Amino acid sequence: MYRFLLTPRWWGINVFAVLAIPFCIFMGSWQLSRFDARVASHQQQENRSSDAKAAAPRPLESLLPVDQITSGRQASARGRYDAAHQLLVPGRTLQGKSGDQQGFYVLTLLRTDGGKALPVVRGWLPGDANSTADTAKVPAPPKGEVTVTGALQASENQGTAGVQAGGGLPKGQLGMISAASLVNIVPYGVYDAWITLTVPTAPMHAVPPAAAEGSGLDMKAFQNLGYTGEWFVFAGFVVFMWFRLVRREAEAARDAALGILPEGQDGTSASAAPAAPAGAAGAAGAAGAEEAGGAAGAAGSGDADDADASEDATEGKQGTEGTHGAEGTREPQGA
């Protein structure tokens, strides 16, 4: 019954199923491992953030470049603030007791002894960066050489929350904290990193460090989880379709062995119905012809009888006339 599985067509179906099922399972397992790695990375980042708050700060140069391990670590740098290039970063929120509040960062560049400048977020203030009343609350940076300590952060990108990469901001404002954005504003080199001060100057509030990119439970992590389900569903679908095709083919082979053919292939369903009227018409025609022949025969027999009767009558009349003629001829002789 299942010999059809050895046909060339079914060889192709079987090979496809044998290759597709393990591939789908492998891809689903890989996506699941990516999700697990992001969960573990998120947990490690939280642990490192907790440890970094209590750990002693390390020199900035020893923590560069910023990665998932050094992000959030306490870094220290020494230099002078460039008050002439102090910038405001608008559209930034900070979670407070009453929920998220809208405000702006206060960013000042620190000129280090190495010659490069380190962007330092000195704190956050509520309000609008375009409002004169709100910007008047920004305290001036300390003068002279200072040592700053804060959480190290990687440069922002277009995917960072709160970033305004479209441009069009007024002078003195910055949409994205990155070396690429600052290189056209200041006449000196800038580190590809920034720090947020642990203890800001009043009335500013400290900006908490953000988790390193790719280490949190963001949308990418849940996309990996969704892809995991999709690949496993694909594997199950291949198995389901293979069994369904095998069952249908086996049923067709069993019906063919019993002489049961599908509709339209047994030669009777399509031709038997029209043949019946034709046979009936032939029978009716034969019966009609027989009746017509019988009637014609009866009519012919009647005509023949009439003709015979008429001929007998004529012969009888002629015989009578002959007798009378003979008698008339004999009378004169007798006289």
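The shown structure was predicted, so the numbers you read here are calculated from the model rather than taken from an experiment. (Residues numbered from 1 in each chain as written. Predicted model: local features only at pLDDT ≥ 70, side-chain atom pairs only at ≥ 80, totals over all residues. Heavy atoms only, no water.)

Visitor: Just give me the short version of unusual backbone geometry, but keep the residues and values in it.
Guide: Cis geometry is found at the peptide bond from L64 to P65, where omega equals -5 degrees. Here P65 is to be found in the loop between β1 (58–59) and β2 (74–96). Backbone torsion omega between A202 and P203 reads 5 degrees, so that peptide bond is classified as cis. Considering the arrangement of structural elements, one finds P203 in the loop between β6 (193–197) and α4 (219–257). (Helix = DSSP H or I, 4+ residues; strand = E, 2+ residues; numbered from the N terminus.)

Visitor: Describe α4, and please don't skip the residues or the numbers.
Guide: Between the first and last C-alpha of α4 there are 57 Å, a value that for 39 residues agrees with the 57 Å anticipated at 1.5 Å per step. All buried positions along α4 are accounted for by A221, N224, T228, A235, V238, V246 and A250. Where α4 terminates, the next one or two residues include G259, which has phi positive at roughly 85 degrees. (Expected span 1.5 Å × (residues − 1). Buried < 20%, exposed > 50% of the residue type's maximum accessible area, 1.4 Å probe, protein only.)

Visitor: I'd like a description of the layout of surface pockets, backed by residues and values.
Guide: Looking at the second largest pocket, its volume works out to about 260 Å³. Taken together, 15 residues form the lining of the second largest pocket, with P170, Q173, L174, G175 and I185 sitting closest to its centre. Looking at the lining of the second largest pocket, its residues break down into 7 nonpolar, 7 polar and 1 charged. (1 Å grid on protein atoms, 1.4 Å probe; cavity = no way out; pocket = protein on both sides within 12 Å on 5 of 7 lines; lining within 4 Å. Points joined across faces, edges and corners; volume = space filled by probe spheres on them. Nonpolar A, V, L, I, M, F, W, Y, C, P; charged D, E, K, R; others polar.)

Visitor: Now, about the nonpolar core: what can you tell me, with residues and values included?
Guide: The nonpolar side chains of a soluble globular protein tend to be buried with one another. Counting 17 residues, the largest nonpolar core has V89, Y105, L107, L109, V121, I177 and L182 as its most contacted members. Of all the elements in the fold, those that place two or more residues in this core are β2, β3 (99–112) and β4 (117–126). Ignoring anything within four residues of it in the chain, the contact list for I177 reads V89, Y105, L107, V121, S155, E156 and W194. Membership of the second largest hydrophobic core comes to 16 residues, among which are V66, V120, V148 and Y191. (Core = buried A, V, L, I, M, F, W, Y, C linked by side-chain atoms within 4.5 Å. Contact = heavy atoms within 4.5 Å.)

Visitor: Summarise the pattern of salt bridges; cite the residues concerned and give the values.
Guide: Counting across every chain of the model gives 4 salt bridges. Where R9 meets E249, a salt bridge forms, and the shortest distance between an N and an O atom there is 3.2 Å. Linking R9 in helix α1 (residues 8–54) with E249 in helix α4, this pair joins segments that are 240 residues apart in sequence. Relative accessible area serves as the criterion here: at 25%, E249 is assigned to the partly exposed category. The salt bridge involving R247 is made with E251; its shortest N-O contact spans 3.4 Å. In this pair, R247 and E251 are both assigned in helix α4, 4 residues apart and thus about one turn of the helix distant. In this structure R247 comes out as exposed when scored by relative accessible area, which is 60%. (Salt bridge = Lys/Arg side-chain N within 4 Å of Asp/Glu carboxyl O.)

Visitor: Lay out the environment of G159 with the relevant residues and their values.
Guide: You can see G159 is positioned in the loop between β5 (145–154) and α3 (179–182). Look at G159 and you get exposed, because its relative accessible area is 68%.

Visitor: Could you give an account of the packing of aromatic side chains, with specific residues and numbers?
Guide: What the rule picks out here adds up to 5 aromatic pairs. The interplanar angle of 90 degrees and the centroid separation of 5.6 Å between the aromatic rings of F23 and W231 together place this pair among those described as edge-to-face. Pair noted here: F23 is in helix α1 and W231 is in helix α4, with a separation of 208 residues, a long-range link. Considering the side-chain rings of F35 and F222, the 6.4 Å spacing of their centres and the 55 degrees angle between planes classify their relative orientation as tilted. Highlighted residues: F35 in helix α1 and F222 in helix α4, separated in sequence by 187 residues. One aromatic cluster is present, formed by F23, W231 and F234 through successive ring pairs. (Phe/Tyr/Trp six-rings, centres within 6.5 Å; stacked < 30°, edge-to-face > 60°.)

Visitor: Account for the pairing of β2, with residues named and values stated.
Guide: Sheet topology places β1 next to β2; 2 bridges connect them, and they run parallel. From the neighbouring strand, R58 faces β2, where its bridge partner is A75. With 7 bridges joining them, β2 and β5 adopt antiparallel strand pairing. Residue pairing in the sheet places G79 in a bridge with V146 of β5. For β2 and β3, the ladder comprises 13 bridges, and the chain directions are antiparallel. Residue pairing for β3: Y81 is matched across the bridge by L110. Joining the antiparallel neighbours β2 and β3 is a turn of 2 residues. (Pairing = 2+ DSSP bridges.)

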